[in-house]
Amino acid sequence: MLSAKADELDRMVLRLKAMSRGLRHAAVCPATSHAACPSFQRLLKAAAAGALENRQRRLARPVL
């Protein structure tokens, strides 16, 4: 159980680092809008994929 929680925290750290990079990029991005920025679009897709993976993991988790 402790190992599983540590794994969950490691995944959370990776997601938070990705979010931080995205915010830093958005702060200095020269694109006229974030929707026009290929880098920002990639970050959004990665975030959406991570959110879907987390939801599926939660739904698969047995209820105690």
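Residues numbered from 1 in each chain as written. Predicted model: local features only at pLDDT ≥ 70, side-chain atom pairs only at ≥ 80, totals over all residues. Heavy atoms only, no water.

### A few points about the overall build of the chain
Quick reminder of the rule: Each helix is a run of DSSP H or I of at least 4 residues and each strand a run of E of at least 2, with the numbering of both proceeding from the N terminus. For each residue, the accessible area found with a 1.4 Å probe, counting protein chains only, is set against the maximum for its type, and the residue is called buried under 20%, exposed over 50%, and partly exposed in between. Here the open area of atoms and residues is found with the Shrake-Rupley method and a 1.4 Å probe, where only the protein chains shown may cover a residue.
Counting its secondary structure elements, the chain contains two helices and zero strands. Across the 64 residues in the chain, those meeting the buried criterion constitute 11%. Surface exposure of the chain reaches about 5,500 Å², of which carbon and sulfur atoms provide 65%.

### Concerning the pattern of salt bridges
As a reminder, the rule being used: Any carboxyl oxygen of Asp or Glu that lies within 4 Å of a side-chain nitrogen of Lys or Arg is treated as forming a salt bridge with it.
For the structure shown, the criterion picks out one salt bridge. The closest approach of N and O atoms between Glu8 and Lys5, which form a salt bridge, is 3.6 Å. One end of the pair is Glu8 and the other is Lys5, both in helix H1 (residues 2-28) and three residues apart, which spans about a single turn. For Lys5, a relative accessible area of 44% gives the class partly exposed.

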